[in-house]
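# Overview (structure and organization)
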Amino acid sequence: MIDLEPQISVDLKELAEQFNCAADYISLENAILGHVLSGNRLSNEAALFLWRHGNFRNMGNAAFQVRNQKHDANEVSYTAFRVVNYTNYCNIECSFCSFMDEVGSGKGYTLSIDEILKKIAEAIKFDSPQLFLQGGVNPDLPFDWYLNTLRAIRKEYPDLHIRAFSPVEALYLEKITGLTLAEVFTSLKEAGMNSFPGAGAEILTDRMRDILSPKKSSTSEWVRAMQTAQMSGLPGSSNIVWGSEETDEEIIEHLHVLRSLQDTTGGVLSFVPWTFQAQTKKFRIRKVPSHEYLRMVALARLYFDNIDHIEISIMVAGKQLGELGLFWGGDDINSPVIEENVLRSFGLKSVQEAEKFIHDSGFVPVRRNFNFERGKKSLV
Ligand code: SF4
């Protein structure tokens, strides 16, 4: 049972007793980083201390060491895939989303199976034989639409890795079919789906979810969907999207939920730090400064002893900050992406660009697929 509302606070005296050191910032930071570098798990309280008071360069040094204990110090992996946004009709109305059109407005679109197949063919031409099928929650699409689309793609492309949909869609499918969530995932898997993204996590506390998207799944529902998918043999990624009104405690709560999920399922392949992008006037964001982005990358590497990969999204961080992220604990970049409508993109646009970027950053590029199998581009 995952504790979804852990009480997390920092008491310097208590932490100092725990780490057997003086109750000042420098002694505590040294003791906590040394504790992690010796292979111990970072507690929520120690994580909150680092997030608030840790020196981001020292955190980066420690995270780089942990990254190099887990992975070849010279290598950075990357993958290539095509995002196909199959519909932009959505009835969830997240406050930060500029992608959706209101259901019934007549302004949006839903792609036909032929249009989706054509987009996959283009991706294969660009040496990107993996698919990320993403869309809104469109009440006009019955469960058969999902199954038939997956089957048609699988028939045409037997080796294509299909990562698809999101927790909020899976929960919607559970509702409209009357099937159990496990049955929904089993059917999607049988129709051709290979993995399931940890999309729509944003910040996993109910207070923040009420602010960001009250109609989206609660934290417990999001966790139930991810847990069921991963227990059904559909692994996936995880992320955080921050830079709005979240508190420090909520950041650590979010990380805690993901680490606990991974303790339960072992199905979380990677973690990607994302920041909110300016998209709508309805939603106020703050500009996350570079040192805070890097602090998050380092904290993630130090905190997630059970998640192998920390991905740097060049699309979100940009090239300059992304490059630094590889020295703050990241071991992978998740560009290039052929199409991405939900975010304004300034990512890498081709495999050649990705390899050059990694090379220029001082590492050897290694291609991997969605499952992090090195040297593979798709399922085989
Ligand atoms: S972010 Fe996704 S779920 Fe939210 S409104 Fe946009 S399309 Fe819908």
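Residues numbered from 1 in each chain as written. Predicted model: local features only at pLDDT ≥ 70, side-chain atom pairs only at ≥ 80, totals over all residues.

## Examining the domain arrangement of the chain
- Domain annotation for the chain reports domain 1 (12-70) and domain 2 (76-367).
- For domain 1 versus domain 2, the separation of C-alpha centres amounts to 30 Å.
- Counting residues at the interface gives 18 residues for domain 1, matched by 20 residues for domain 2.
- A breakdown of the residues in the side of domain 1 that touches domain 2 according to their chemical character gives 12 nonpolar, 2 polar and 4 charged. (Domains from an automatic or database assignment. Contact = placed C-beta atoms within 7 Å. Nonpolar A, V, L, I, M, F, W, Y, C, P; charged D, E, K, R; others polar.)

## Some words on the environment of S232
- Locating S232 in the fold gives a position in the loop between helix 10 (219-231) and strand 5 (236-242).
- Taking C-alpha positions, S232 is 38 Å from G34, a pair spaced 198 residues apart along the chain.
- Aside from chain neighbours lying at most four places away, what touches S232 is A182, F185, T186 and K189. (Helix = DSSP H or I, 4+ residues; strand = E, 2+ residues; numbered from the N terminus.)

## What about the environment of S335?
- Looking at where S335 falls in the secondary structure, it is placed in the loop between strand 8 (332-333) and helix 14 (351-360).
- For S335, a count of 27 C-beta atoms within 10 Å corresponds to the buried category.
- Considered as a pair, S335 and I153 are 182 residues apart in the sequence and their alpha carbons are 23 Å apart.
- The contact partners of S335, leaving out residues within four places of it in the chain, are I314, M315, G347, L348 and A354. (Buried ≥ 20, exposed ≤ 12 C-beta atoms within 10 Å, placed from the backbone.)

## Thoughts on the site of the ligand
- The environment of the ligand is made up of C90, I92, E93, C94, C97, F99, M100, G136, V137, V168 and S213.
- Within the shell around the ligand, the residues separate by chemical class into 8 nonpolar, 2 polar and 1 charged. (Near = placed C-beta within 6 Å.)

## Observations regarding the pairing of strand 4 (residues 161-164)
- Alternating positions in strand 4 separate into two faces, H161 and R163 on one and I162 and A164 on the other, with burial throughout.
- Across 4 bridges, the pairing between strand 3 (residues 130-134) and strand 4 is parallel. For F132, the partnering residue across the bridge sits in strand 4 and is R163.
- Crossover handedness for the path strand 3 to helix 6 (residues 143-156) to strand 4: right-handed. (Pairing = 2+ DSSP bridges. Right-handed = clockwise from strand over helix to strand, strands pointing away.)

## Structural notes on the sheet that holds strand 3
- In space, the 3 strands of this open sheet follow the order 2-3-4, with parallel pairing throughout. Single-partner strands in this sheet number two, and they are strand 2 (82-85) and strand 4. The mean inter-strand angle of the sheet, taken between neighbouring strand axes irrespective of direction, is 25 degrees.
- Bridging between strand 2 and strand 3 involves 4 bridges; their strand directions are parallel. Across the sheet, N85 pairs through a bridge with Q134, a residue of strand 3.
- Taken strand by strand, helix 5 (residues 113-125) contacts strand 2 and strand 3, and its axis lies near 165 degrees from that of strand 2. (Axes fitted to C-alpha atoms, helices over the stretch in contact; angles between N-to-C directions.)

## Description of the packing of helix 3 (residues 44-53) against helix 11 (residues 248-265)
- Interhelical geometry of helix 3 versus helix 11 gives an angle of 135 degrees and a closest axis separation of 10 Å. When the axes of helix 3 and helix 11 are compared, the pair comes out oblique. Where helix 3 crosses over helix 11, the handedness of that crossing is right-handed. Listed contacts from helix 11 to N44, A47, L48, W51 and R52 of helix 3 are D248, E249, I251, I252, L255 and H256.
- For the contact of helix 3 with helix 11, the residue count by class is 6 nonpolar, 2 polar and 3 charged. (Parallel < 35°, antiparallel > 145°, perpendicular 65-115°, else oblique. Left-handed = near helix turned anticlockwise from the far one by under 90°.)

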